[in-house]
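Per-entry structural report
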Amino acid sequence: MSLLLLWHAYGGLVQGVGGLVAGWCGSVARSRAQARRDRLDAGRQALDLAAAMAERDRAQAEALDTLRRREWALAGAVQDVYAEAIAVRLIVHDLDAAAGRPLRQFRPLPPYPFPAQGDDPAAGATAADTAEPRADNTHV
């Protein structure tokens, strides 16, 4: 019975202290849970960022591959045009020589293959000398 009297005398104080302790414990638990949630969110964000970077790298690699294929196709076309230009010059020189006229002077062709530039895998390649008409007549 003395416990009942003690509870009536100090029960409010015990409940108040108990409420404060329970509130503090709840606050600590909530802050720990929030910290763990923040770590998980940061990890998820890092994984999402890594996935986005991998996707961007894949897309850039595909674009680079497409551009390289276009470059090779254009380089092949330029090579064909270059060969045709040299052939036409030789034909014109032969026709001029057959007609007894002086050889025509053409503008020099740009170097081909093109000089290496930048970090291209073909860096270090040198341009070939272009076929230019000589001053002396070889078609006599």
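Up top you'll find the structure we're talking about.
Residues numbered from 1 in each chain as written. Predicted model: local features only at pLDDT ≥ 70, side-chain atom pairs only at ≥ 80, totals over all residues. Heavy atoms only, no water.

**With respect to the overall build of the protein chain**
Along its length, the protein chain carries one helix and zero strands. Across the 140 residues of the protein chain, 7% fall into the buried class. Excluding contacts between residues fewer than 6 apart, the proportion of contacts in the protein chain whose partners are at least 24 apart in sequence is 45%. Looking at the protein chain as shown, the accessible area adds up to about 11,600 Å², and 63% of this sits on carbon and sulfur atoms. (Helix = DSSP H or I, 4+ residues; strand = E, 2+ residues; numbered from the N terminus. Buried < 20%, exposed > 50% of the residue type's maximum accessible area, 1.4 Å probe, protein only. Contact = heavy atoms within 4.5 Å. Areas by Shrake-Rupley, 256 points an atom, 1.4 Å probe, with all protein chains shown as cover.)

**Observations regarding the side chain of Asp-96**
Locating Asp-96 in the fold gives a position in helix α1 (residues 2–99). Overall, Asp-96 belongs to the buried group, its relative accessible area being 1%. One polar contact links Asp-96 to Arg-104, side chain to side chain, over a distance of 3.2 Å. In this view, Asp-96 contacts Arg-101, Pro-102, Leu-103 and Arg-104; residues no more than four positions away in its chain are not counted. (Polar contact = N/O pair within 3.5 Å; in protein donor to acceptor, adjacent residues only side chain to side chain.)

**Some words on a nonpolar patch on the surface**
On the surface, Leu-3, Leu-6, Trp-7, Tyr-10, Leu-13, Val-14, Val-17 and Val-21 cluster together into a nonpolar patch covering about 830 Å² of accessible area. Mapped onto the elements of the fold, Tyr-10 is located in helix α1. Look at Tyr-10 and you get partly exposed, because its relative accessible area is 48%. (Patch = residues over 30% accessible without salt bridge, like charges linked within 9 Å, V, L, I, M, F, W, Y side chains within 5 Å. Salt bridge = Lys/Arg side-chain N within 4 Å of Asp/Glu carboxyl O.)

**Examining the pattern of salt bridges**
One pass over the full model with this rule turns up six salt bridges. With a shortest N-O distance of 3.1 Å, Arg-69 and Asp-65 are connected by a salt bridge. Of the two residues, Arg-69 and Asp-65 are both situated in helix α1; the distance of four residues between them amounts to about one turn of the helix. Take Arg-69: its relative accessible area is 53%, and that puts it in the exposed class. Accessibility expressed as a relative area gives 37% for Asp-65, which makes it partly exposed. Residue Arg-104 is joined to Asp-96 by a salt bridge in which the shortest nitrogen-to-oxygen separation is 3.2 Å.

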